Amino acid sequence: MNNVLRARGLRKEYGTGESLVRAVDGVDLDVAAGETVAVMGPSGCGKSTLLHLLGGLDRPSAGEVSLRGRRVDGIGERALARMRRTDVGFVFQSFHLMEELTAVENVELSALLAGRSPRAARRRAEQLLEQVGLADRARFLPSALSGGQRQRVAVARALSNEPSVVLADEPTGNLDSAATLDVLRLFEGLHESGQTLVIVTHDARIAATADRMISMRDGAFVDETRLSGGVSGRLGALLGLED
Amino acid sequence: MQQEVVLAMLAKEPSHGYQLRARLRDALGPLGDAMNAGQVYVTLTRLEKAGLVAVEKSADGPDRSDRKVYALTADGQQRVAEWIAEVGWPSPDLAEFHLKLIAAARAGLADPLTIVDRQRHELLRRLRDAQRAAMAEPDRSDAALLLEGIVLRLQADLRWLEACEKSWSHRRSGR
């Protein structure tokens, strides 16, 4: 079992009768260890709902979700909360940092909640901030950081409990072009270090860095491409300089 | 006028030159206004010389070019099939890609959504390459600026492909 994440027949419905909406409509997904998968689609296609189902933030109407071989769709609230804290790292479009806590306090918080000692949590948080290139901003409040820096703090926080999978929802949605590049560099680094990543986005730039890109429409997967491998390196083609 | 576009417009059935012009005008709307009336005929003559189209019959005498009915030859059909399957960037340009979808759907040569998917895969690969190159550049290098331009153009094209996909899946389900 080298699939970190597995979903079968996943469905999420809202409303009833005439007003029934199938936000997620029969999704099967396997994510291998160390793989980066991007799910792309227009807003309203159900990709955020899918991410919430995968990460246990929401429960499916039907279907199964397994994390490292363990079913998580039917487990109790406490077990689900524990799973979210220790096994899944979340990154959101609007960062969701605590405004009154410094960068390092934001990062260490989830380790503290997971029961680590304050000293171990602080050490880990400092390491992670170093990893995301923000060691010198550790004592800053989020309001003193740029959008890109805030998102890097959020990524560090997501990694704090060494999750099996990091789930990111439009992580570059609020970022300008340069900050997007920083976050992409960070994701590439995570990918190289073997972190499993699932990113839902409508930003093609992120999708292009994934191993696999899945297109989602009206709650279902409609197309899938494997982007990794086959080093093209034909940069001349980008300018039409060759053909 | 791109020769392959004219060829593909003939793929469904043999047509008069004026019918081809009307189809192009429908497909291009106001953007087709700049199209010179003679362009289609010049292209057809070239295609005939190249053996890709043949004149089927002339109703009112050989000198009335707008009475000729043009049909694809076997070579012409071959060329259309190759053109439909071609993926790339920066060519085909917007109009050429747009007409490719229309011609493919009209003649039943290929599913427009498959063409859109293939083009998207190609663009995503290029976006990945451009981005890898951009990430390897030091900040504010000259090359980084050029690469940013390429990335932005690819993103814009990918967004348009989304619009194409939406429109063509609606047309299909509306049928």
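The model shown is predicted, which means the values in this text are computed figures rather than measured ones.

Conventions and cut-offs
- Residues numbered from 1 in each chain as written.
- Chains lettered and ligands numbered in written order.
- Predicted model: local features only at pLDDT ≥ 70, side-chain atom pairs only at ≥ 80, totals over all residues.
- Helix = DSSP H or I, 4+ residues; strand = E, 2+ residues; numbered from the N terminus.
- Buried ≥ 20, exposed ≤ 12 C-beta atoms within 10 Å, placed from the backbone.
- Contact = placed C-beta atoms within 7 Å.
- Domains from an automatic or database assignment.
- Pairing = 2+ DSSP bridges.
- Axes fitted to C-alpha atoms, helices over the stretch in contact; angles between N-to-C directions.
- Core = buried A, V, L, I, M, F, W, Y, C linked by C-beta atoms within 7 Å.
- pLDDT = per-residue confidence, 0-100.
- Nonpolar A, V, L, I, M, F, W, Y, C, P; charged D, E, K, R; others polar.
- Parallel < 35°, antiparallel > 145°, perpendicular 65-115°, else oblique.
- Left-handed = near helix turned anticlockwise from the far one by under 90°.

Here we come to the overall build of chain B. Each helix and strand in chain B was counted, giving seven helices and three strands. The order of helices and strands in chain B, counted from the N terminus, is α-β-α-α-β-β-α-α-α-α. Seen through its C-alpha atoms, chain B measures out along the principal axes to roughly 70 × 40 × 30 Å. Looking at chain B residue by residue over its 175 residues, the buried ones come to 33%. Partitioning the intrachain contacts of chain B with sequence separation of at least 6 by distance along the chain shows that 62% fall at a separation of at least 24.

Moving on to the environment of A:G133. Residues and elements named next belong to chain A. Within the secondary structure, G133 sits in the loop between helix 4 (118-131) and helix 5 (147-158). Overall, the presence of 15 C-beta atoms within 10 Å leaves G133 in the partly exposed class. Separated by 49 residues in the primary sequence, G133 and D182 place their C-alpha atoms 9.6 Å from one another.

Looking at the assigned domains, one finds that chain B contains domain 1 (1-87) and domain 2 (111-175). Centre-to-centre separation of domain 1 of chain B and domain 2 of chain B, based on C-alpha positions: 30 Å.

We now examine the sheet that holds strand 8 (residues 196-201) of chain A. Residue and element names in this part refer to chain A. Strand order in the open sheet made by the six strands is 6-7-8-3-9-10, with mixed pairing throughout. The strands lining the two open edges of the sheet, one partner per strand, are strand 6 (88-91) and strand 10 (220-226). The average undirected angle you get between the axes of adjacent strands in this sheet is 20°. As paired strands, strand 7 (residues 165-169) and strand 8 are joined by five bridges and run parallel to one another.

Residue and element names in this part refer to chain A. Tracing the sequence through the fold places A121 in helix 4. Considered as a pair, A121 and S160 are 39 residues apart in the sequence and their alpha carbons are 8.3 Å apart. Not counting the four nearest positions on each side in its chain, A121 is found in contact with E108, A111, L112 and R116.

One recurring pattern in soluble globular proteins is that nonpolar side chains are buried together. Residues A:A38, A:L54, A:L129, A:V198 and A:A207 are the most contacted members of the largest nonpolar core, which totals 74 residues. Discounting chain neighbours no more than four positions away, the residues touching A:L54 are A:L5, A:A7, A:V65, A:L167 and A:V198.

Bringing the confidence of the model for chain B into the picture now. Looking at chain B as a whole, the pLDDT averages 88, with 93% of positions reaching at least 70. Both scores are given for the predicted complex: the pTM is 0.82, the ipTM 0.75.

Turning our attention to the interface of chain B and chain A. Contacts between chain B and chain A engage 21 residues on the former and 20 residues on the latter. At the level of elements, helix 6 (112-136) and helix 7 (142-174) of chain B are the ones that each hand at least two residues to the side of chain B that touches chain A. Per-element tally for the side of chain B that touches chain A: the top contributor is helix 6 of chain B, with 13 residues. Class assignment of the residues belonging to the side of chain B that touches chain A gives a composition of ten nonpolar, four polar and seven charged.

Okay, the packing of helix 5 of chain A against helix 6 (residues 177-192) of chain A next. All names here are of chain A. It is at 8 Å that the axes of helix 5 and helix 6 come closest, and there the two elements cross at 20°. Regarding the angle of helix 5 to helix 6, the classification is roughly parallel. Between helix 5 and helix 6 the crossing geometry is right-handed. Along the contact surface, helix 5 presents G147, G148, Q151, R152 and V155, while helix 6 presents A179, D182, V183 and L186.

Residue and element names in this part refer to chain A. Buried residues dominate strand 7, accounting for five of its five residues. Neither face of strand 7 is open: one carries V165, L167 and D169, the other V166 and A168, and all of them are buried. Sheet topology places strand 6 next to strand 7; four bridges connect them, and they run parallel. In the strand pairing of strand 7, F90 is matched with L167.

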